[in-house]
Amino acid sequence: MATPNTEIERLLRDRLAEVQERIAELAKAPEPGSGIGFGKRIGDGTSEAISRRNDIGVGNSLLVTEEKLTHALAKLDEGSYGRCDHCGDPIAPGRLQVAPESALCIDCAR
Ligand SMILES: [Zn+2]
C-alpha cells in the first residue's frame with residue numbers, strides 16, 4: 001500500500017517548514033555567554049565552546065536536511081520520487097517511510 005504523492009508532498013513540505021524554522025532560530029541565536037536563549041546557563045569557556053560547536057553542527061545538519069527535502073520535492077515534481085538517484089532502482093517503501101527525503105536506495109546509500 002503506497003502512500004499517495006499528495007500525502008508525501010504534504011509531509012515533505014511540513015518537514016521543510018519545520019527545518020527552515022529551526023534554521024532561522026539558530027541564525028538569530030544570541031552569542032554564547034549572553035545567558036539567554038538556550039534555557040540554561042553555561043558555566044565555563046570550554047563547555048561554551050562545545051555548545052557553540054554543537055550549534056554549528058546542528059545548523060549544518062539542518063541545512064543538509066533542508067537540501068534533501070527540497071530535492072525530494074523536486075523528484076516528486078518530476079515523477080522520479082521513490083527511485084534511487086544513483087542506480088534508478090525503486091527505494092524500499094520502508095526506507096521512504098522512515099526517511100521520506102531519501103534519494104538513494106539502501107545499497108547506494110552505503
Ligand atoms: Zn541505488
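Residues numbered from 1 in each chain as written. Predicted model: local features only at pLDDT ≥ 70, side-chain atom pairs only at ≥ 80, totals over all residues. Heavy atoms only, no water.

Brief notes about the overall build of the chain
- Scanning the chain from N- to C-terminus turns up four helices and zero strands.
- Listing each helix as α and each strand as β along the chain from the N terminus yields α-α-α-α.
- For the chain, with 110 residues in total, the buried portion stands at 23%.
- A fraction of 47% describes how many contacts in the chain between residues 6 or more apart in sequence connect residues 24 or more apart.
- As presented, the chain carries roughly 7800 Å² of accessible surface, and 52% of it is formed by carbon and sulfur atoms. (Helix = DSSP H or I, 4+ residues; strand = E, 2+ residues; numbered from the N terminus. Buried < 20%, exposed > 50% of the residue type's maximum accessible area, 1.4 Å probe, protein only. Contact = heavy atoms within 4.5 Å. Areas by Shrake-Rupley, 256 points an atom, 1.4 Å probe, with all protein chains shown as cover.)

Topic: the nonpolar core
- In this structure, Ile-8, Leu-12, Leu-69, Leu-76, Tyr-81 and Ile-91 are the most contacted members of the largest nonpolar core, which totals 14 residues.
- Secondary structure elements with two or more residues in this core: helix H1 (5-27) and helix H2 (45-78).
- If we skip the residues at most four places from it in the chain, Leu-12 touches Leu-69, Ala-72, Leu-73, Leu-76, Tyr-81, Pro-100 and Glu-101. (Core = buried A, V, L, I, M, F, W, Y, C linked by side-chain atoms within 4.5 Å.)

Quick word on the coordination of the zinc ion
- Around the zinc ion, the protein contributes the donor atoms Cys-84 (SG), Cys-87 (SG), Cys-105 (SG) and Cys-108 (SG), at 2.3 to 2.4 Å from the metal centre.
- Metal-centred angles of 104 to 116° between the four donor atoms at the zinc ion mark the site as tetrahedral.
- Read N to C, the donor residues that coordinate the zinc ion are spaced as C-x2-C-x17-C-x2-C. With Cys-84 in the loop between H2 and helix H3 (93-98) and Cys-105 in the loop between H3 and helix H4 (106-109), this residue pair connects regions lying 21 residues apart in the sequence. Accessibility assignment for this pair places Cys-84 and Cys-105 in one class, buried. (Donors = N, O, S within 2.8 Å, 3.2 Å for Na, K, Ca; no water. Tetrahedral: all angles 85-135°; square planar, octahedral: opposite > 155°, others 65-115°.)

Considering H1
- Relative to the 33 Å expected for 23 residues at 1.5 Å per residue, H1 spans 32 Å between its end C-alpha atoms, a close match to the ideal helical length.
- Turning to H1, its buried residues are Ile-8, Leu-12, Leu-16 and Val-19. (Expected span 1.5 Å × (residues − 1).)

Some details on the environment of Leu-62
- Considering the arrangement of structural elements, one finds Leu-62 in helix H2.
- Measuring from C-alpha to C-alpha, the distance between Leu-62 and Arg-22 comes to 7.8 Å, with 40 residues separating the pair along the chain.
- Setting aside anything within four residues of it in sequence, one finds Leu-62 in contact with Val-19, Arg-22, Ile-23 and Leu-26.

A closer look at a negative patch on the surface
- On the surface, Asp-14, Glu-18, Glu-21 and Glu-25 cluster together to form a negatively charged patch.
- Checked against the element boundaries, Asp-14 lands in helix H1. (Patch = residues over 30% accessible without salt bridge, like charges linked within 9 Å, V, L, I, M, F, W, Y side chains within 5 Å. Salt bridge = Lys/Arg side-chain N within 4 Å of Asp/Glu carboxyl O. Lys, Arg positive; Asp, Glu negative; His and termini not counted. Charge placed at Lys NZ, Arg CZ, Asp CG, Glu CD.)

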